[in-house]
Amino acid sequence: MIHWRRDKTAFALSGGGARGALQVGMLRALLEHGIRPDFVVGVSIGAWNGAWLAHRPELEWIERLDDVWRQVSRQTLDLVWWRAARNMVRRRPSLYEGSGLARLISRHLRAHDFEDLEVPLHVVAINLTMGAKAVFSRGPLAPAVLASSAIPGIFPPVTIDEHQHVDGGMVDPTGLDTAIELGARRIFVLDSGYAGQLPGPLASMNAIVDHTFQVAAQHRTQWTIQQMGRSIEIVHLRPSAGFLRHSMDFGATASYLDEGYRYTVKALEARRKGRRPAGASRGSGARLPLAGRGVVCSSGRRGS
């Protein structure tokens, strides 16, 4: 008897700081359409959202994540100016101690170990000690999520097994590469980043650093789609989050939650009907959604 192997579906959740709220709306839309992952890959803030999803991939559970996001602010994460100024004067390794982020994770993350999750989760970080990408898939969950979220210079490195770890976004900004390495044949990329032409010059150091990273991340993602889009179905969901807010600005959370849902519903309906959503980018080898390979559903919008 021949046993057909079912292709694995992965959700790859990118970094993006406060724009990670977009992913909550995207997850709600995907679950409403009956799309559920066989495993999840999370990077940076995507590791937090991914851990929540992997614990219980149910619509009601994602709605609770929506509530948590609406309570997050710079104050709840201890991202206040005087802490940054003090740490700079004292020549600390980061602007903030990371205590607020650690507190958020310990307060709301219900699973203790990776093995407690309903769906397998893989968390991407950088192992500074070894100079390599690290993918956490077993053992204690909170330290791995915290390590993946430790933006260099913003939060301190997280030590796991005597190795220092930081945010994995520089080696795999969306988790797409890792999902491919783990054998996924259909990947929904929940991308809360942005790239494109700016409406005007950037005036602050934070904005310049943030935008530089976002442009690099989008180029890396598009390169992977062009290389792998003929053999793997890649659904790249990237709502427009605008350029004018820094990744640590939580003032637009409500609009991010709504925009992530609205955009994804529209993209999935277009995919079902066999056409690209308006403004969708065309990666190398991309075909119409019902053709089944290389689908690119990025919004392609220039920001607001």
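What you are looking at is a predicted structure, and each value in this text was computed from that prediction instead of being measured. Each chain carries its own residue numbering, running from 1 in the written order of its sequence. The predicted origin of the model limits local features to residues at a pLDDT of at least 70 and limits the giving and counting of side-chain atom pairs to 80 or more, whereas totals for whole chains, interfaces and linings rest on all residues. Side-chain metrics rest on all non-hydrogen atoms present in the structure, leaving aside hydrogens and water.

A. Structural view of the pattern of salt bridges. Salt bridge, as used here: a side-chain nitrogen of Lys or Arg that lies within 4 Å of a carboxyl oxygen of Asp or Glu. The full count for this structure, using the stated rule, is ten salt bridges. One salt bridge in this structure joins D66 and R70, with 2.6 Å as the shortest N-O distance. Linking D66 with R70, this pair stays in helix α3 (residues 59-70), spanning four residues, or about one helical turn. Relative accessibility decides the category of a residue: with a 1.4 Å probe and only protein chains considered, values under 20% of the type maximum give buried, values over 50% give exposed, and everything between is partly exposed. Under the relative-accessibility criterion, D66 is labelled buried at 14%. Look at R70 and you get partly exposed, because its relative accessible area is 45%. Here E259 ties to R262 by a salt bridge, and the two come within 2.9 Å at their closest N and O atoms. With E259 and R262 both in helix α9 (residues 253-272) and three residues apart, the pair spans about one turn of that helix. We classify E259 as buried; its relative accessible area is 15%. We classify R262 as partly exposed; its relative accessible area is 38%. The helix and strand labels rest on DSSP assignments: H or I over at least four residues marks a helix, E over at least two residues marks a strand, and numbering proceeds from the N terminus.

B. Expanded view of the environment of S148. Following the sequence through the fold, S148 ends up in helix α6 (residues 141-148). Relative accessible area serves as the criterion here: at 0%, S148 is assigned to the buried category. As for S148 and N127, which are separated by 21 residues in sequence, their C-alpha atoms are 9.9 Å apart. Any two residues whose heavy atoms approach within 4.5 Å at even a single point are treated as in contact. If near-sequence neighbours (up to four positions away) are discounted, S148 is found in contact with G42, V43, S44, A47, V123, V124, A125, V166, D167 and G168.

C. Representation of the packing of α3 against α9 in the model. The axes used here are C-alpha line fits, helices contributing only the stretch in contact, and every angle between their N-to-C directions lies in the interval 0 to 180 degrees. One can describe the packing of α3 onto α9 by two numbers: an axis separation of 9 Å at closest approach and a directional angle of 155°. Between α3 and α9, the crossing angle belongs to the class labelled roughly antiparallel. Crossing geometry of α3 relative to α9 is assigned as right-handed. On α9, the residues touching D66, W69 and R70 of α3 are T253, A254, L257 and D258. For this classification, the nonpolar set comprises Ala, Val, Leu, Ile, Met, Phe, Trp, Tyr, Cys and Pro, the charged set comprises Asp, Glu, Lys and Arg, and every other residue, Gly included, is treated as polar. The residue inventory of the contact of α3 with α9, partitioned by class, reads three nonpolar, one polar and three charged. For classification purposes, angles smaller than 35 degrees are called roughly parallel, those larger than 145 roughly antiparallel, those between 65 and 115 roughly perpendicular, and all remaining angles oblique. Here is the rule for handedness: rotate from the far helix to the near one, and if that takes an anticlockwise turn smaller than a right angle the crossing is left-handed, while a clockwise turn gives right-handed.

D. Fine view of the pairing of strand β6 (residues 163-167). Note on pairing: DSSP must find at least two bridges between two strands before they are called paired. Here strand β3 (residues 121-127) runs beside β6; their pairing, made up of three bridges, is antiparallel. Directly across from I126, in β6, lies its bridge partner V166. Where strand β5 (residues 158-160) hands over to β6, the hairpin turn is made up of two residues, of which D161 adopts a positive phi near 55°.

E. Structural detail: the side chain of R238. Note that R238 resides in the loop between β8 (233-237) and α9. Charged residues are defined here as Lys and Arg on the positive side and Asp and Glu on the negative side; His and the ends of the chain fall outside this count. The buried charged residue R238 lacks any salt bridge partner; its closest oppositely charged side chain belongs to D191, at an N-O distance of 5.1 Å. N or O atoms closer than or at 3.5 Å make up a polar contact, with two conditions inside protein: a donor-capable atom paired with an acceptor-capable one, and, for residues adjacent in sequence, both atoms drawn from side chains. A polar atom in the side chain of R238 sits 2.6 Å from the side chain of Q218.

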